[in-house]
Amino acid sequence: MEEKFYTITVYTENNVGLLNRVSGIFLKRHINIESMNASRSEIKGVHKYVILVKTTEDWVRKITGQLEKQIEVIKAFYHTDEEIIYQESALFKIKSDLLFDERQIQNIIKESNSQIVTVSRNFFVIAKTGRRHEIEELSNELEPYGIMQFVRSGRISVSKETMEISNILEKSQEIKTN
């Protein structure tokens, strides 16, 4: 089977120690987490992990099954890039004098649809939101000018298809009350 990127979405209760157990599932299988984002979800009281991995569909299916065995996990899904809408964000810190002395920097910012979010005497910060390859391209273009600091977020995503998580939660609540 061919390795490719999969986005795993995990809906959970927000409990201490769960992140450690989730990452342990990947560690045991020697699968690297390319990026991870944790936040509240669209459902009150439910949190959401978005995890990007590069592996085979067989392994991602097994991992998703293992994730669902965790007590605090409500439901886990996996998707290919074609099945979701996704973005990442990045910040680049660059010396301020380059903004005024190197005209090409301004062109790079404009052509990459990036924004300058702050300018100070010693540095300025560029923000870029987009696909991973777009952020990498911007990084490669800025590299010759000297990047003082760089940070990229984990992937954030929403599925193109309706997620049935709300129905699953309703059924779960009905079972608990009966």
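Residues numbered from 1 in each chain as written. Predicted model: local features only at pLDDT ≥ 70, side-chain atom pairs only at ≥ 80, totals over all residues. Heavy atoms only, no water.

- Per an unreviewed UniProt entry, the protein chain goes by Acetolactate synthase small subunit and derives from Neptunitalea chrysea.
- In its Sequence similarities (unreviewed entry) section, the UniProt record describing the protein chain reads: "Belongs to the acetolactate synthase small subunit family." (UniProt positions renumbered as here; feature names shortened; annotations may be inferred.)

1. Topic: the packing of helix 1 (residues 18-28) against helix 2 (residues 57-68)
Thinking step 1. Packing of helix 1 against helix 2 brings their axes to within 10 Å, and their N-to-C directions diverge by 150 degrees. The orientation of helix 1 relative to helix 2 falls into the category roughly antiparallel. When the axes of helix 1 and helix 2 are compared, the crossing they make is right-handed. Where helix 1 approaches helix 2, its residues V22, I25 and F26 are matched on the opposing element by I63, Q66 and L67.
Thinking step 2. Looking at the contact of helix 1 with helix 2 residue by residue, the class counts come to five nonpolar, one polar and no charged. (Axes fitted to C-alpha atoms, helices over the stretch in contact; angles between N-to-C directions. Helix = DSSP H or I, 4+ residues; strand = E, 2+ residues; numbered from the N terminus. Parallel < 35°, antiparallel > 145°, perpendicular 65-115°, else oblique. Left-handed = near helix turned anticlockwise from the far one by under 90°. Contact = heavy atoms within 4.5 Å. Nonpolar A, V, L, I, M, F, W, Y, C, P; charged D, E, K, R; others polar.)

2. Examining the side chain of S112
Thinking step 1. Its place among the elements puts S112 in the loop between helix 4 (103-111) and strand 6 (115-119).
Thinking step 2. For S112, a relative accessible area of 14% puts it in the buried group.
Thinking step 3. Within the local environment of S112, its side chain forms a polar contact with the backbone oxygen of I108, the two atoms lying 2.9 Å apart.
Thinking step 4. For S112, the contacting residues outside a window of four places in its chain are K128 and L138. (Buried < 20%, exposed > 50% of the residue type's maximum accessible area, 1.4 Å probe, protein only. Polar contact = N/O pair within 3.5 Å; in protein donor to acceptor, adjacent residues only side chain to side chain.)

3. As for helix 1
Thinking step 1. For helix 1, every residue scored as buried is listed here: L18, V22, G24, I25 and F26.
Thinking step 2. Where helix 1 is buried, its residues touch strand 1 (4-12), strand 2 (33-40), strand 3 (47-55), helix 2 and strand 4 (73-80).
Thinking step 3. Remark: H30 follows helix 1 within two positions and exhibits a positive phi of approximately 55 degrees.

4. Points about the UniProt feature "domain: ACT" (unreviewed entry) in the protein chain
Thinking step 1. The sites that UniProt annotates as "domain: ACT" (unreviewed entry) are residues 7-87.
Thinking step 2. For residues 7-87, the helix share is 28%, the strand share is 43%, and the end-to-end C-alpha distance is 12 Å.

5. Considerations on the domain arrangement of the protein chain
Thinking step 1. If you check the domain split of the protein chain, you get domain 1 (4-85) and domain 2 (86-152).
Thinking step 2. The straight-line distance from the C-alpha centre of domain 1 to that of domain 2 is 30 Å. (Domains from an automatic or database assignment.)

6. Some points on the packing of aromatic side chains
Thinking step 1. In the structure shown here, the tally under the stated rule is three aromatic pairs.
Thinking step 2. Arranged with centres 5.9 Å apart and planes meeting at 75 degrees, the rings of Y6 and Y78 form a pair that is edge-to-face. On the criterion of sequence distance, the pair formed by Y6 in strand 1 and Y78 in strand 4 is long-range, its members being 72 residues apart.
Thinking step 3. Taking the relative accessible area as the measure of exposure, Y78 reaches 23% and is therefore partly exposed.
Thinking step 4. Judged by centre distance (6.3 Å) and plane angle (90 degrees), the ring pair of Y11 and F77 falls under edge-to-face. Residue Y11 is found in strand 1, and its partner F77 is found in strand 4; the two are separated by 66 residues along the sequence.
Thinking step 5. A relative accessible area of 1% means that Y11 is categorised as buried. (Phe/Tyr/Trp six-rings, centres within 6.5 Å; stacked < 30°, edge-to-face > 60°.)

7. Remarks on the pairing of strand 2
Thinking step 1. Relative to strand 3, strand 2 runs antiparallel, the two sharing seven bridges. Of the residues in strand 3, the one forming a bridge with S35 is L52. (Pairing = 2+ DSSP bridges.)

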